[in-house]
Amino acid sequence: MTFVLGREAGVDAGPVGRLGAYRALDGSDGAPLYLDVDGPHAALVVGKRGYGKSYTLGVVAEFLARTPGVAPVIVDPMGVFAPMADAEDTDGPVPATVVAEPSVAPTALDPRSWCALLGLDPESGAGSLVWRAAQTGDRLPAMRQSIDDADAPTRDRRAAINHLSLAESWGVFDDEGLSAQDLAGHALTVVDVSGLDPAPMNAVVRGIGDVLYRMRVDETVERLPWLLVDEAHAFFDGVARAALERILTRGRAPGVSLVVATQRPSAIPPVAVSQSDILVAHRLTAQTDLDALARARPTYLTTALENQLPSVPGEVVVVDDATETVHTAQVRERQTPHGGDNPRVSDRSWADTLGAGR
């Protein structure tokens, strides 16, 4: 017997991906655990550092990379998923590519988001200039020219230009930025944003989320996109939030899935918890994080979730809205290298000197 998360009872068709196995009462592996990949989902993976949150996200990325009909994209803020593109397992090379220097079109941001990205009050002199420039210009040079030509005090124009120059220095804005064609292939696309500061990281994710959503609304791509975001609290706290929340609340109809992982569920908006139809919870200990999950506890969860959370890395509690069930499970081993392991002094080349008093 097998269980499929996200799939209602009686439905037995469509692709699935193996997440792991349910835990039997004696602690041994029970029935295989799968995740439905046939339809769109919103999933939340939580867990404190070192207990497997990113590892689990990598497991999901692995089976999505080999599922026909989907377009998986994973945002990598820590640089831990890039090794997947060079890995092989018993099934051969993993179909994955890495975008090491991602960029998006300036039009990915609306005027309000441009002001927020640059830390400008829209009602200030410089902020209003950037707002108007974003309304009229679809490229950074055009935005700069709009500010130069504005009938505004020199001080305000100079401040606006300086902020726009800062954005240009990030190197993430390009008229030929990531497009639907770049993101809608059959292979997993690993978008490496680990070398970027929070503001440009957010700009990239905002653009990617917009492209994936629009390509399905406009039906320009048949594949169903899955967007996986690690360290999601960093993006819900910036201009990427609007794109992520739109997928959470409106992505089901066009067929856009979102899987977000975070070690701080208390730092993401309640909609990210309440709109998730699948919750995969590793160990959590911070009371604020436990409270954030408790506030969105479904009615069929008869006991407090914090009393069911595991204490061992790799073990999870799974809450599935489709079947209205709660289960303890063990995430399967990765088939590709996991770049998130913690380095240790004892693993280094000088390990033979340890304990020698030097």
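Each remark here, short or long, concerns the structure printed above.
Residues numbered from 1 in each chain as written. Predicted model: local features only at pLDDT ≥ 70, side-chain atom pairs only at ≥ 80, totals over all residues. Heavy atoms only, no water.

All right, on to the packing of helix 3 (residues 125–136) against helix 4 (residues 140–149) then. Close contact between helix 3 and helix 4 brings their axes to 8 Å; oriented N to C, the two are set at 130°. The angle between helix 3 and helix 4 falls in the class oblique. Where helix 3 crosses over helix 4, the two elements pack in a sense that is right-handed. Touching Leu129, Val130, Arg132, Ala133, Ala134 and Thr136 of helix 3 are Met143, Ser146 and Ile147, all from helix 4. For the contact of helix 3 with helix 4, the class distribution of residues is 6 nonpolar, 2 polar and 1 charged. (Axes fitted to C-alpha atoms, helices over the stretch in contact; angles between N-to-C directions. Helix = DSSP H or I, 4+ residues; strand = E, 2+ residues; numbered from the N terminus. Parallel < 35°, antiparallel > 145°, perpendicular 65-115°, else oblique. Left-handed = near helix turned anticlockwise from the far one by under 90°. Contact = heavy atoms within 4.5 Å. Nonpolar A, V, L, I, M, F, W, Y, C, P; charged D, E, K, R; others polar.)

Turning our eyes to something else, we now look at the nonpolar core. Of all hydrophobic cores here, the largest spans 71 residues; its most connected members are Trp114, Phe173, Ile208, Leu227, Val229 and Phe235. Ranked by size, the runner-up nonpolar core spans 34 residues in total, among them Val45, Val70, Ala261 and Val331. (Core = buried A, V, L, I, M, F, W, Y, C linked by side-chain atoms within 4.5 Å. Buried < 20%, exposed > 50% of the residue type's maximum accessible area, 1.4 Å probe, protein only.)

Our next topic: the packing of aromatic side chains. This model, assessed by the stated rule, comprises 2 aromatic pairs. Aromatic pair Phe3 and Tyr22: ring centres 4.8 Å apart, planes at 80°, arrangement edge-to-face. With Phe3 in strand 1 (residues 3–5) and Tyr22 in strand 2 (residues 16–23), this pair connects stretches of sequence that are 19 residues apart. Since its relative accessible area comes to 27%, Phe3 is described here as partly exposed. When the ring centre of Tyr55 is taken as reference, the NZ or CZ atom of Arg334 above it lies at 5.6 Å. (Phe/Tyr/Trp six-rings, centres within 6.5 Å; stacked < 30°, edge-to-face > 60°. Lys NZ or Arg CZ within 6 Å of the ring centre and 35° of its normal.)

This paragraph deals with helix 11 (residues 287–295). The α-helix advances 3.6 residues per turn, and as a result positions three or four apart in sequence lie on the same side. Within the sequence span of helix 11, burial applies to Asp289, Leu290, Ala292 and Leu293. Viewed along the axis of helix 11, the buried residues span an arc of 155°, placing them on a single side of the element. Relative to its buried face, helix 11 has exposed residues pointing more than 90 degrees away, namely Thr288 and Arg295. Lining the buried residues of helix 11 we find strand 4 (42–46), helix 10 (270–274) and strand 12 (278–281). (Arc of directions from axis to C-beta.)

Moving on: the pattern of salt bridges. Counted under the stated rule, the structure contains 11 salt bridges. Asp36 serves as the salt-bridge partner of Arg7, at 2.5 Å between the closest nitrogen and oxygen. Highlighted residues: Arg7 in the loop between strand 1 and strand 2 and Asp36 in strand 3 (residues 29–36), separated in sequence by 29 residues. Judged by relative accessible area, Arg7 falls into the buried class, the value being 7%. (Salt bridge = Lys/Arg side-chain N within 4 Å of Asp/Glu carboxyl O.)

This part is about a negative patch on the surface. Where like charges cluster on the molecular surface, the negative patch consists of Asp138, Asp174, Asp175 and Glu176. Secondary-structure assignment places Glu176 in the loop between helix 5 (154–169) and helix 6 (180–183). Relative accessible area serves as the criterion here: at 67%, Glu176 is assigned to the exposed category. (Patch = residues over 30% accessible without salt bridge, like charges linked within 9 Å, V, L, I, M, F, W, Y side chains within 5 Å. Areas by Shrake-Rupley, 256 points an atom, 1.4 Å probe, with all protein chains shown as cover. Lys, Arg positive; Asp, Glu negative; His and termini not counted. Charge placed at Lys NZ, Arg CZ, Asp CG, Glu CD.)

A few words now on the side chain of Thr336. Tracing the chain through its elements places Thr336 in the segment after strand 14 (325–331). Using a relative accessible area of 5% as the deciding quantity, one classes Thr336 as buried. Polar contacts involving the side chain of Thr336 include one to the side chain of Glu62, which spans 2.5 Å. A polar contact is formed between the side chain of Thr336 and the side chain of Arg334, at a distance of 3.2 Å. (Polar contact = N/O pair within 3.5 Å; in protein donor to acceptor, adjacent residues only side chain to side chain.)

Moving on to the environment of Ile208. Turning to its location among the elements, Ile208 is positioned in helix 7 (residues 198–217). Residue classification places Ile208 among the buried positions, given a relative accessible area of 0%. Sequence separation between Ile208 and Ala105 is 103 residues, and the spatial gap between their C-alpha atoms is 9.8 Å. The contacts of Ile208, once residues within four sequence positions are left out, are Val73, Val104, Leu178, Leu183, Val191 and Leu227.

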